[in-house]
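Summary of structural features
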Amino acid sequence: MSRIAQPLGHGDVLASLRALAVALAGGSDRGLHHAWLFSGQRGVGKFLTARWWATLLKCPQVGECEPACDGCRLIAAGVHPDVVEIAIPEDKRSIGIAESRALLQRLSLRPTRSGPRIGIVRDAGAMTIDAQNAVLKLLEEPPGFAVIVLVADNAGAMLPTVRSRCRHLAFGDLAESEVAAILVSLGRSAEEAAAAAACARGSVARAQTYDAEGLAEREALLLAYEQARNGQADIDAVLQALVARKESGYALGELLEWQLTKVKSSLGNRVHEPSEPLARVLEAAAGADTAALLEEAGRIHWTMTALERNANARLAIRDLLLNVRI
Ligand SMILES: [Zn+2]
């Protein structure tokens, strides 16, 4: 890779980040806050955007050098001396104070080339309280030449004191066509990419969990569910199959998301273009009235919450099967 390409989607967010880099290259650092929080669900390109932005901030030609300059190539290779990335260490489940301190130490040094020093914390939501407090010192007394980007799936995982010192950019879900295009660029066939994108709910990471086998399994699961709902299959048999699955938590989540998709679709917010034959189910759902749909959505959320609290999965889903109408 010679240079980190501009990520797909997030038009406004990327445009504002680019504008700051262009201004910096022109000698103005107005608006270039020293601390940023990029949040949004996993798999929408937050980390990639942070690396891409680092390229723009460090490159004298704002990432438009041709061929790619040394700086752009070093960032793409992950070895630029002024761009420091930290993530959860392989043998750990969180980012601890040792990682934070190493980051701060690197960010306290003057940049070796033009442009700021840039620290990117991947999975910032996994920083321990101590690690976050250590970073807080940098946020309170920034050295002037450092920019730090905290990348978190859930902004709520950051301490309020950290959050309040950051400029917050919220990354929305990717469009289905964007997810499909990214999957194709990663080597999936167009057909499989479209099918995986349709159930990815805007996340490339989620789409990647659906290989051809996973897609077929999902389809079979949802059909069995619909058949049980319509009285064409025994509810208990479907439940038994579900609960017996090794990853039943995942399968149950799929069902709830599916039920929610139907409701959203009926409310006129058609978020998916599902493949046949499930499209027919959605069509049938489209005639329901709004009040019933809202009630339905509430019921699904209740079931999701109940399952998160480790309620009896079998009972919760049985209740959903018996009581939802769409
Ligand atoms: Zn360059």
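Predicted model, so just to flag it, every value in this text is computed and none were measured.

Calculation rules
Residues numbered from 1 in each chain as written. Predicted model: local features only at pLDDT ≥ 70, side-chain atom pairs only at ≥ 80, totals over all residues. Helix = DSSP H or I, 4+ residues; strand = E, 2+ residues; numbered from the N terminus. Buried ≥ 20, exposed ≤ 12 C-beta atoms within 10 Å, placed from the backbone. Contact = placed C-beta atoms within 7 Å. Core = buried A, V, L, I, M, F, W, Y, C linked by C-beta atoms within 7 Å. Domains from an automatic or database assignment. Axes fitted to C-alpha atoms, helices over the stretch in contact; angles between N-to-C directions. Parallel < 35°, antiparallel > 145°, perpendicular 65-115°, else oblique. Left-handed = near helix turned anticlockwise from the far one by under 90°. Nonpolar A, V, L, I, M, F, W, Y, C, P; charged D, E, K, R; others polar. Expected span 1.5 Å × (residues − 1). Arc of directions from axis to C-beta. Pairing = 2+ DSSP bridges. pLDDT = per-residue confidence, 0-100.

Quick word on the overall build of the protein chain
- Helix and strand counts for the protein chain stand at 15 helices and five strands.
- In the protein chain, which comprises 326 residues, the proportion classed as buried is 35%.
- For the protein chain, the share of sequence-separated contacts (at least 6 apart) that also reach a separation of at least 24 residues comes to 71%.

Section: the nonpolar core
- By size, the foremost hydrophobic cluster in this structure holds 61 residues, and its most contacted members are Val149, Leu150, Val151, Val179, Ala196 and Ala197.
- Built from parts of two domains, this core gets at least three residues from each of domain 1 (11-170) and domain 2 (175-210).
- The contacts of Val179, once residues within four sequence positions are left out, are Leu174, Ala197, Ala200, Gly202, Val204 and Ala207.
- Membership of the second largest hydrophobic core comes to eight residues, among which are Tyr225, Ala228, Leu255 and Ile317.

Here we look at the packing of helix H4 (residues 97-107) against helix H5 (residues 129-140)
- Two numbers describe how H4 lies on H5: the axes approach to 8 Å, and their chain directions differ by 15°. Judged on the interaxial angle alone, H5 and H4 are roughly parallel. Our pair here, H4 against H5, has a crossing hand that is right-handed. Along the contact surface, H4 presents Ile97, Glu99, Ser100, Arg101, Leu104 and Leu107, while H5 presents Asp130, Ala131, Ala134, Val135 and Leu138.
- Looking at the contact of H4 with H5 residue by residue, the class counts come to seven nonpolar, one polar and three charged.

Re H5
- Over its 12 residues, H5 runs 16 Å from end to end, which matches the ideal 16 Å to within 8%, given 1.5 Å per residue.
- Taken residue by residue, H5 has Ala131, Gln132, Val135 and Leu138 as its buried positions. Down the axis, H5 shows its buried residues gathered within 105° of arc, on one side only. Every exposed residue of H5 that faces more than 90 degrees away from the buried side is listed here: Ile129, Lys137 and Glu140.
- In this structure, the buried residues of H5 make contact with H4, strand S4 (146-152) and helix H6 (160-163).

Remarks on the sheet that holds strand S2 (residues 83-86)
- Strand order in this open sheet of five strands is S2-S3-S4-S1-S5, and the pairing throughout is parallel. At either margin of the open sheet sits one strand with a lone partner, and together these are S2 and strand S5 (167-170). For this sheet, the mean angle separating the axes of adjacent strands, direction not counted, is 15°.
- Where strand S3 (residues 117-121) lies against S4, five bridges are found, and the strand directions are parallel. Paired with Val121 across the strands is Leu150, a residue of S4.

Here we look at unusual backbone geometry
- In this chain, Glu66 is followed by Pro67 through a cis amide linkage whose omega measures -5°.
- Among the structural elements, Pro67 can be located in the loop between helix H2 (46-58) and helix H3 (70-76).
- The phi angle at Val62 is positive, at roughly 50°, despite the residue not being glycine.
- Mapping Val62 onto the fold places it in the loop between H2 and H3.
- Look at Arg201: it is not a glycine, yet its phi comes out positive at around 45°.
- Structurally, Arg201 can be placed in the loop between helix H8 (190-198) and helix H9 (204-208).

Section: the confidence of the model for the protein chain
- Per-residue confidence for the protein chain gives a mean pLDDT of 84, with 82% of residues at or over 70.
- Taken together, the stretch residues 269-276 has pLDDT below 50 and engages in 14 contacts with residues farther than four places along the chain or on a different chain.

Thoughts on the packing of helix H7 (residues 176-185) against H8
- Across the interface, H7 lies against H8 with an axial gap of 8 Å and an inter-helix angle of 140°. The orientation of H7 with respect to H8, classified from their angle, is oblique. As for the relative orientation of H7 and H8, their crossing is right-handed in sense. Contacts from Glu176, Val179, Ala180, Leu183 and Val184 in H7 reach Ala190, Ala193, Ala194, Ala196, Ala197 and Ala198 in H8.
- Residues of the contact of H7 with H8, tallied by class, amount to 10 nonpolar, no polar and one charged.

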